[in-house]
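# Close look at the chain arrangement
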Amino acid sequence: MKFFKNKVICSFLCLAGFLYWQNNGLILTQTTYTKKVPKGFDGYKILQVSDLQNKCFGQNQERILEKIRNAAPDIIVITGDLIDRNRTNLDTAMTFVEGAVNIAPIYYVSGNHEHQSGYFEELAEELTEAGVTVLENGKSVLQKNGDMIELIGLADKRVNPYYQEVLATLLKGSEEDAFQILLSHRPELFEAYVASGVNLAFTGHAHGGQIRLPFIGGIFAPNQGFFPVYTSGVYEKKNTAMVVSRGLGNSTFPFRIFNRPELVMITLRYENI
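Everything quoted here is computed from the prediction, not taken from an experiment.

The next thing to look at is the sheet that holds strand β14 (residues 233-237). Pairing is mixed across the open sheet formed by 6 strands, whose spatial order is β6-β7-β8-β9-β15-β14. Both edges of this open sheet fall to β6 (138-144) and β14, since each of them pairs with a single strand only. Neighbour to neighbour, the strand axes of the sheet diverge by 20° on average, direction disregarded. Where β6 and strand β7 (residues 147-153) come together, 7 bridges link them in antiparallel fashion. Bridge pairing links G138 to G153 in β7. The sheet contacts of helix α6 (residues 163-171) involve β6, β7 and β8 (179-183), and relative to β7 the element is tilted by about 160°.

Put into structure tokens, the structure is as follows:
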């Protein structure tokens, strides 16, 4: 009986350790993008943060900040859900932001949780005061070595039901060969991004499918349901590539399984064809 009890305790401790590692073992996923990248942006590094959901990575968010610092990005893009509607804490989110803005310029678009929490306006004000560029249905221009990139931000669909029309308006007046990057929370809108013709889109929201299985991928994602299509990595169609971050935190479901919290780094590479 004692042997059985010890075995149960050992199994429980192993399971607890595994779950802790899966929820806190932060990783940096790196890849490159080359299609139509302007020559002046060769080697330009974009680090994506998505779905932090008020999660803490060490005291004063130092574990995640150190990982970003070591990655040395040129810019940081945040694609929504900095806070969680179920346990909203602006201080936790801003501790991360105030540390990260000292590493690289930050560009932000909202997710559904900001709006569902009722604290979006307050958060947006604090982000702006901290030096973050809030791109809610807005556009910014990045310049380097004589070349430029248009950075476009789409507010979350929850408060932006006419997102396709808004995106078309934001793209009006662009030069025909302009390289365009879109920040948007939702990967399930991929077809709209493809129709718009943007070169590269950064999204989150799917939490990697929460539980990931070998050869199958994610099990469930909000607004995609069971066995979702867009949960992790880069998806390409026509002239558009979409990056989907697995995100960093959790919301309703408390565990990530085979799906460790993820920062994403995309390095742009000029390809002389």
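That shown, we press on.
A few words on the environment of F202. Here F202 shows up in strand β9 (residues 200-203). Look at F202 and you get buried, because its relative accessible area is 0%. A sequence separation of 21 residues divides F202 from I181, and the C-alpha atoms of the two residues are 7.7 Å apart. With residues up to four places along the chain from it excluded, the contact list for F202 reads I46, Q48, V77, T79, I181, L182, L183, S184, V243 and I266.

Moving on, we come to the sheet that holds strand β3 (residues 75-79). The sheet built from 6 strands is open, its strands ordered β1-β16-β2-β3-β4-β5 with mixed pairing. The open sheet has two edge strands with one neighbour each: β1 (27-33) and β5 (133-134). Strand direction decides the pairing type here: β1 and strand β16 (residues 262-268), joined by 7 bridges, are parallel. Each residue of the ladder has a partner; that of T32, found in β16, is T267. Packed on one face of the sheet, helix α3 (residues 90-100) meets β2 (45-49), β3 and β4 (106-109) and runs near 160° to β3.

With that settled, consider the nonpolar core. With 30 residues, the main nonpolar core has V49, I64, I76, I78, L82, F96 and V97 as its most contacted residues. Of all the elements, α3 adds the most residues to this core, at 6 residues. If we skip the residues at most four places from it in the chain, I64 touches L26, F57, F96, L248 and L263. Listed in part, the 23 residues of the second largest apolar core include Y33, I181, V264 and L268.

Glancing now at unusual backbone geometry. Residue A72 is not a glycine yet carries a positive backbone phi of 50°. By the element assignment, A72 lies in the loop between α2 (62-71) and β3.

The next subject is the pairing of β9. The two faces of β9 match: L200 and F202 on one face and A201 and T203 on the other face are all buried. Looking at chain direction, β8 and β9 are connected through 3 bridges and run parallel. Note on β9: the bridge partner recorded for I181 is L200. Where the polypeptide runs from β8 across helix α7 (residues 190-196) and back to β9, its parallel neighbour, the crossover connection is right-handed.

What follows covers the side chain of N259. Structurally, N259 can be placed in the loop between β15 (240-244) and β16. Relative accessible area serves as the criterion here: at 0%, N259 is assigned to the buried category. At 2.8 Å, the side chain of N259 and the backbone oxygen of H207 are in polar contact. A polar contact of 2.9 Å, which involves the side chain of N259, links it to the side chain of R246. Look past the residues within four positions of N259 in its chain and what remains in contact with it is Q22, H207, G208, Q210, R212 and R246.

On the surface, a cluster of negative charge is made up of E121, E122, E125 and E129. The class for E121 is exposed, based on a relative accessible area of 61%.

About the criteria used
- Residues numbered from 1 in each chain as written.
- Predicted model: local features only at pLDDT ≥ 70, side-chain atom pairs only at ≥ 80, totals over all residues.
- Heavy atoms only, no water.
- Pairing = 2+ DSSP bridges.
- Helix = DSSP H or I, 4+ residues; strand = E, 2+ residues; numbered from the N terminus.
- Axes fitted to C-alpha atoms, helices over the stretch in contact; angles between N-to-C directions.
- Contact = heavy atoms within 4.5 Å.
- Buried < 20%, exposed > 50% of the residue type's maximum accessible area, 1.4 Å probe, protein only.
- Core = buried A, V, L, I, M, F, W, Y, C linked by side-chain atoms within 4.5 Å.
- Right-handed = clockwise from strand over helix to strand, strands pointing away.
- Polar contact = N/O pair within 3.5 Å; in protein donor to acceptor, adjacent residues only side chain to side chain.
- Patch = residues over 30% accessible without salt bridge, like charges linked within 9 Å, V, L, I, M, F, W, Y side chains within 5 Å.
- Areas by Shrake-Rupley, 256 points an atom, 1.4 Å probe, with all protein chains shown as cover.
- Salt bridge = Lys/Arg side-chain N within 4 Å of Asp/Glu carboxyl O.
- Lys, Arg positive; Asp, Glu negative; His and termini not counted.
- Charge placed at Lys NZ, Arg CZ, Asp CG, Glu CD.

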